[in-house]
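Structure at a glance
Listed below, chain by chain, are the residues.
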Amino acid sequence: MERSRLWEPEYRLPPISWIAILLCIALLVYEHFWGNGFTTMVVMLYGCFMVPSVFLTDRVQEKYFFYTLEYVSLFRKFTITMSVIFICLWLLSTYTQLII
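Overview of the side chain of threonine 39
Within the secondary structure, threonine 39 is located in helix H2 (residues 37-55). Taking relative accessible area as the criterion, threonine 39 reaches 2% and is therefore assigned buried. Here asparagine 36 takes part through its side chain, which lies 2.9 Å from a polar atom of the side chain of threonine 39. In contact with threonine 39, other than residues within four places in its own chain, are Glu31, Trp90, Ser93, Thr94 and Gln97.

Considering helix H4 (residues 69-99)
With 31 residues, H4 should cover 45 Å at 1.5 Å per step; its first-to-last C-alpha distance of 45 Å lies within 8% of that length. When H4 is considered as a whole, its buried residues turn out to be Val72, Arg76, Thr79, Met82, Ser83, Phe86, Ile87, Trp90, Ser93 and Thr94. Buried residues belonging to H4 abut helix H1 (15-34), H2 and helix H3 (58-64).

Focus on H2
Taking 1.5 Å as the rise per residue, H2 with 19 residues should run 27 Å; its terminal C-alpha atoms sit 27 Å apart, in good agreement. Three or more residues of H2 are buried, namely Thr39, Val42, Val43, Tyr46, Gly47, Phe49, Met50, Pro52, Ser53 and Val54. Two or three places before phenylalanine 38, at the start of H2, stands the capping residue asparagine 36, its side-chain oxygen 3.2 Å from that residue's backbone nitrogen.

Let's talk about the nonpolar core
Ranked by internal contacts, the top residues of the largest apolar core, which has 14 residues, are Ala20, Leu27, Tyr46, Met50, Val54, Phe86 and Trp90. Of all the secondary-structure elements, those providing two or more residues to this core are H1, H2 and H4. No other element matches H2, which puts 6 residues into this core. What tyrosine 46 contacts, discounting residues up to four positions off in sequence, is Ala20, Leu23, Cys24, Ser83, Phe86 and Ile87.

Focus: the packing of aromatic side chains
Summed over all chains, the structure comprises 6 aromatic pairs. Arranged with centres 5.5 Å apart and planes meeting at 40°, the rings of tyrosine 30 and tryptophan 34 form a pair that is tilted. A residue pair is termed a helical-turn pair when its members lie 3 or 4 positions apart in one helix, as tyrosine 30 and tryptophan 34 do in helix H1 at 4 residues. On the basis of relative accessible area, tryptophan 34 is assigned to the exposed category, the value being 60%. When the ring of phenylalanine 66 is compared with that of tyrosine 67, the centres are 5.4 Å apart and the planes differ by 80°; the resulting orientation is edge-to-face. Summarising the burial analysis for this pair, phenylalanine 66 and tyrosine 67 share the class exposed.

Observations concerning a nonpolar patch on the surface
Taken together, the side chains of Leu22, Ile25, Val29, Tyr30, Phe33 and Trp34 make up a nonpolar region of the molecular surface, amounting to roughly 670 Å² of accessible area. Accessibility expressed as a relative area gives 47% for isoleucine 25, which makes it partly exposed.

The rules behind the values
Residues numbered from 1 in each chain as written. Predicted model: local features only at pLDDT ≥ 70, side-chain atom pairs only at ≥ 80, totals over all residues. Heavy atoms only, no water. Helix = DSSP H or I, 4+ residues; strand = E, 2+ residues; numbered from the N terminus. Buried < 20%, exposed > 50% of the residue type's maximum accessible area, 1.4 Å probe, protein only. Polar contact = N/O pair within 3.5 Å; in protein donor to acceptor, adjacent residues only side chain to side chain. Contact = heavy atoms within 4.5 Å. Expected span 1.5 Å × (residues − 1). Core = buried A, V, L, I, M, F, W, Y, C linked by side-chain atoms within 4.5 Å. Phe/Tyr/Trp six-rings, centres within 6.5 Å; stacked < 30°, edge-to-face > 60°. Patch = residues over 30% accessible without salt bridge, like charges linked within 9 Å, V, L, I, M, F, W, Y side chains within 5 Å. Areas by Shrake-Rupley, 256 points an atom, 1.4 Å probe, with all protein chains shown as cover. Salt bridge = Lys/Arg side-chain N within 4 Å of Asp/Glu carboxyl O.

Coordinates in, geometry out; function isn't part of it.
So, in structure tokens, the structure goes:
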């Protein structure tokens, strides 16, 4: 008889993670053709913070960071926050360039 998987943590990447990855790729392509130095730097920083926030899933944390789970989860929350801040900063800097 197979064990119930109802209470096991989710090991797949959630849809929001896929959206973050595709958004990063789209922003990199956009910045390559139409961006300037400042907005490109903001997108690069978003990508640097997006990678650990997406790929430090519960499974990775339990497998590689078992003894420091609370610190790694705090690091993941920090990278998620920084990713959101850099997306907002990119939107603000791109919007102000468009209206000037």
